[in-house]
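As a plain string of letters, each chain reads:
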Amino acid sequence: MRLLLIHTILAAFVAYFAFQHPITSGVPYTAISATLLFAAVMGTLWLSTYFYRRTYFRKLPKLLYFILFFIKELLVANLKIAYDIITPRFRIQPTVMAFPLTVKTDLEISLLANLLGLTPGTLSIDVSEDRTTLYVHTLYLKHGNLESLKQHIKNGYERRILELTA
Amino acid sequence: METSIDWELVREIASCVFILSGAGFMLIASIGLLRFPDFYIRMSAITKGSTLGLGLILMGMAIYFNQPGILLKVLVIIAFTYITAPVAAHVIGRTAVQNGIAFWEKTNLKEFREYLTKHRLERQINQDRYTEEAPVTMEKDGGAGDVAGKV
């Protein structure tokens, strides 16, 4: 986590100061070129961690994949709810489900609750006092089945969060 | 070979698409705020739709200006909005439950019943404030109905 922060700041500084140098005077200073340089520096630093921080080397691709997965979920669910709003009939089946948590620490629980709060259709209401259950208000069931929705959350979000924080 | 693409135009079209779709998401979310039957479903619609809409509009702006400084600021704004919006939604939703705001009559509360009993909220939610205070809002769905029977 700290390594990721250090690398990001370092890459941002490189991407900023490289364009001040006379060598790069021919390259236009735009968002695309700066992003590419930033990505290149981050990639090099990431490859170098293979020699001294193996866990970081493994986790960064997973983090990127998780972000992509999350954006996909966000768009799909938003389109679904938008379709429901602009067509006359509701197809929502609102349910308050008790989701059994496997994540344990504060960080993981709040991360999971926040991510669920961002996906449209789900709204995290409360955590039980013994931290074993998360109460989630959801609009859509997967295949009309509560269990398969729980499986989806477990495999899609919770497993990835555990992989990242473990 | 005269195939020079006008990148300025491409960027402008891309940013237009982003901004228009973002505004569209916000508009649809606002319509959802009017159409949906109960507080919780409305809140689900409005918080998420406007968060995604804001993100898309800001991305469109970053594409239009095409400067690293603006891109960085836009990304930071999006990150902070996406961190704080669900927290606000969660707090409002939890407060609503604890104040006994009624659920929609078709809501499946089977797994939530234990929680309600434990916090002695069952009576509050069952007494159905919507029918007492604002019967007009629910008439389309046949009134707030018998929530107690469903619970």
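Each chain carries its own residue numbering, running from 1 in the direction its sequence is written. Chain A is the first chain written and ligand 1 is the first ligand written, with later ones labelled in order. Only residues with pLDDT of at least 70 get local features here, since the model is predicted, and only at 80 or more are side-chain atom pairs given and counted; chain-wide, interface and lining totals rely on the full set of residues.

Caption draft 1: Fine view of the interface of chain B and chain A. Throughout, a pair of residues is in contact if the C-beta atoms placed from their backbones lie within 7 Å. The interface is formed by 35 residues belonging to chain B together with 28 residues belonging to chain A. Secondary structure elements with two or more residues in the side of chain B that touches chain A: helix H1 (7–35), helix H2 (39–65) and helix H3 (68–98) of chain B. A breakdown of the residues in the side of chain B that touches chain A according to their chemical character gives 20 nonpolar, ten polar and five charged. Numbered from the N terminus, helices here are DSSP runs of H or I no shorter than four residues, and strands are runs of E no shorter than two. Ten residues, namely Ala, Val, Leu, Ile, Met, Phe, Trp, Tyr, Cys and Pro, are considered nonpolar, four, namely Asp, Glu, Lys and Arg, are considered charged, and the remaining ones, Gly among them, are considered polar.

Caption draft 2: Here's a closer look at the sheet that holds strand E2 (residues 122–127) of chain A. Residues and elements named next belong to chain A. A pair of strands counts as paired when DSSP detects no fewer than two bridges linking them. A sheet is described by the order of its strands in space; here three strands give the open sequence E1-E3-E2, paired in antiparallel fashion. Each edge of the sheet is formed by a strand with only one pairing partner; in this case those strands are strand E1 (95–100) and E2. Across the sheet, the mean angle from the axis of one strand to that of its neighbour is 30 degrees, orientation sign disregarded. Of the pairings in the sheet, the one linking E1 to strand E3 (residues 133–138) comprises six bridges and is antiparallel in character. When the bridges of E3 are listed, Thr95 appears paired with Thr138. Note on method: axes are straight lines fitted to C-alpha atoms, helices fitted across the in-contact stretch only, with angles between N-to-C directions ranging 0 to 180 degrees.

Caption draft 3: Geometry of the packing of helix H3 (residues 54–86) of chain A against H1(B). Closest axis-to-axis distance for the H3(A)/H1(B) pair is 9 Å, and the angle between their directions is 55 degrees. As judged from the angle between their axes, H3(A) and H1(B) are oblique. H1(B) is crossed by H3(A), and the crossing has left-handed handedness. Touching A:Asn78, A:Ile81, A:Ala82, A:Ile85 and A:Ile86 of H3(A) are B:Phe25, B:Ile28, B:Ile31, B:Gly32 and B:Arg35, all from H1(B). An angle below 35 degrees is treated as roughly parallel, one above 145 as roughly antiparallel, one from 65 to 115 as roughly perpendicular, and anything else as oblique. Two helices cross in a left-handed way if the nearer one is turned anticlockwise from the farther one by less than a right angle. They cross in a right-handed way if the turn is clockwise.

Caption draft 4: Layout of the UniProt feature "transmembrane region" (unreviewed entry) in chain B. All names here are of chain B. UniProt positions are given in the numbering used here, feature names are shortened, and annotations may be inferred rather than shown by experiment. This chain's UniProt record puts "transmembrane region" (unreviewed entry) on residues 12–34, 46–64 and 70–92. Here residues 12–34 runs as 100% helix and 0% strand, with 33 Å between its end C-alpha atoms. Within the segment residues 70–92, helix and strand shares are 100% and 0% respectively, and the terminal C-alpha atoms sit 32 Å apart.

Caption draft 5: Representation of the pairing of E3(A). Residue and element names in this part refer to chain A. E3 sits mainly inside the fold: five of its six residues count as buried. Pairing geometry for E2 and E3, over five bridges, is antiparallel. By the bridge assignment for E3, Thr122 is matched with Thr138. Between E2 and E3, which pair antiparallel and follow one another directly, the connecting turn spans five residues, one of which, Arg131, has a positive phi of 55 degrees. Counts of 20 or more other C-beta atoms within 10 Å of a residue's own C-beta define buried residues, counts of 12 or fewer define exposed ones, and intermediate counts define partly exposed ones; C-beta atoms are placed from the backbone.

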